[in-house]
Amino acid sequence: MKDSNGLSRPSARRERRGVALVMVLVTILLLASVTAVASNSARTSAQVSLAVRAASVARAMSENGIVSATAVIDRRLRLLSTDSVTRDDFLSSLEPGVSAVLPLSSDTIGDGAFVVSVVDVSSRLDVNDAGTEGWSLFLRPFVGAIESLRIAQIIDAQVRGESVAAALSSDPMNDAARSQDSLVSGLLGRAFSPRNRRPFESLDDLLKVPGVSAELFHRIAPMLTVDGNGTINRRAAPPQVLAAASGSVVDRPARLLLISRGWMNGHPLTREIQAVYDIEPDGLHLVRWRESER
């Protein structure tokens, strides 16, 4: 017998089974796709959640490091408040060398950890305050007199916010104008500093200066800072820094940089906090705070 389409009944049944099989296969493929998408979404969500948690733990650990280190230093400073010699010895011992960073403290809390290092900022030459003469004297042993003066003029021009071309021309009229501005400001009772800008927020910015190669940068970076306050610690500063210093020279650190790195155990993300402190008779006073993820 034939059905209404002219097909025999067995043929019609086979055709319906074929259509059903195709529909089942399509359904299975759709379900597999949905399952794969859901699984991938779950993995992505878990990874994002882990990254967020790792970032939170890393930041908390790096903050704990700063709090721990400042507490240790403040406590010692208070205990030594009446013994200036021992106090100066303690401060000078925090960083035993120009290129070294002394691990001050470290700890593990739960699934997080931190390590803190301290840098004597006043044993370094401040990039933004050295001036043309200071930079020239500092760089001379590395690149010679002519190149050191050229690089020094470029850096100081950027600090002053002036044209690099004008600085390289060494126009004496510019020097006269600066001297006049300084005199007028002094007569008016205003503090004057031609280097009143701080365009170099990081030592890495020096790599953008023409003439500062990667090789030169790595040789001079351990003796430089962007966090100085015009005071140089003669007990820790290298000869190149002392020769270029134009501010006051003392026998103790005047400013410290605390570098705290925190992370979650088993995760590569690291949070770094750099906190700059002035050393006052009553303890550490925060000056600058920087954070970054690595």
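About the thresholds
- Residues numbered from 1 in each chain as written.
- Predicted model: local features only at pLDDT ≥ 70, side-chain atom pairs only at ≥ 80, totals over all residues.
- Heavy atoms only, no water.
- Phe/Tyr/Trp six-rings, centres within 6.5 Å; stacked < 30°, edge-to-face > 60°.
- Helix = DSSP H or I, 4+ residues; strand = E, 2+ residues; numbered from the N terminus.
- Buried < 20%, exposed > 50% of the residue type's maximum accessible area, 1.4 Å probe, protein only.
- Contact = heavy atoms within 4.5 Å.
- Axes fitted to C-alpha atoms, helices over the stretch in contact; angles between N-to-C directions.
- Parallel < 35°, antiparallel > 145°, perpendicular 65-115°, else oblique.
- Left-handed = near helix turned anticlockwise from the far one by under 90°.
- Salt bridge = Lys/Arg side-chain N within 4 Å of Asp/Glu carboxyl O.
- Core = buried A, V, L, I, M, F, W, Y, C linked by side-chain atoms within 4.5 Å.
- pLDDT = per-residue confidence, 0-100.

### Digging into the packing of aromatic side chains
Working step 1: For the coordinates displayed, the defined rule picks out two aromatic pairs.
Working step 2: When the ring of W135 is compared with that of F138, the centres are 5.9 Å apart and the planes differ by 80°; the resulting orientation is edge-to-face. Remark: F138 and W135 occur in helix α3 (residues 131-143); sequence separation between them is three residues, near one turn of the helix. The burial state of W135 is the same as that of F138; both residues are buried.
Working step 3: Aromatic side chains F138 and F142 sit 5.9 Å apart centroid to centroid with 50° between the ring planes, which places their arrangement in the tilted category.

### Quick look at the side chain of S136
Working step 1: Structurally, S136 can be placed in helix α3.
Working step 2: Those residues within four positions of S136 in sequence are excluded, and the remaining contacts are S148, L149 and A152.

### Brief notes about the packing of α3 against helix α4 (residues 145-160)
Working step 1: The contact between α3 and α4 brings their axes to 7 Å, and the two run at 140°. Here α4 runs oblique to α3, going by the angle between their axes. Read as a crossing pair, α3 and α4 show a hand that is right-handed. Contact residues: G131, T132, W135, S136, L139, R140 and V143 in α3; A145, E147, S148, L149, I151, A152, Q153, I155 and D156 in α4.

### With respect to the pattern of salt bridges
Opposite charge on two side chains permits pairing when their charged atoms draw close.
Working step 1: On inspection of all chains with the given rule, the structure shows 15 salt bridges.
Working step 2: Residues R59 and E291 are paired through a salt bridge, measuring 2.7 Å at the closest nitrogen-oxygen approach. Of this pair, R59 sits in helix α1 (residues 9-79) while E291 sits in strand β9 (residues 283-293), and the two are 232 residues apart along the sequence.
Working step 3: E291 sits in the partly exposed class, given a relative accessible area of 27%.
Working step 4: Within the structure, one salt-bridge network assembled from shared partners comprises R59, E63, R271, E291 and E293.

### Focus on the nonpolar core
Within soluble globular proteins, side chains that are nonpolar tend to cluster in buried spots.
Working step 1: In terms of nonpolar packing, the biggest core is built from 28 residues, with W135, F138, L206 and L224 touching the most fellow members.
Working step 2: At the level of secondary structure, the elements contributing two or more residues to this core comprise α3, α4, α7 (214-220) and α8 (239-244).
Working step 3: Per-element tally for this core: the top contributor is α4, with five residues.
Working step 4: When residues no more than four places from it in sequence are discounted, the contact partners of L224 are R124, L125, V127, W135, F138, L203 and L206.
Working step 5: Residues F90, L256, M264 and I273 belong to the second largest nonpolar core, which totals 22 residues.

### Regarding the confidence of the model for the protein chain
Working step 1: For the protein chain, the average pLDDT comes to 80, and 74% of its residues sit at 70 or higher.
Working step 2: Ranking the elements of the protein chain by mean pLDDT puts helix α6 (residues 172-187) last with 42 and α7 first with 95.
Working step 3: Here residues 97-102 scores under 50 on pLDDT; set against residues more than four positions off or in separate chains, the count is 17 contacts.
Working step 4: Here residues 171-196 scores under 50 on pLDDT; set against residues more than four positions off or in separate chains, the count is 16 contacts.

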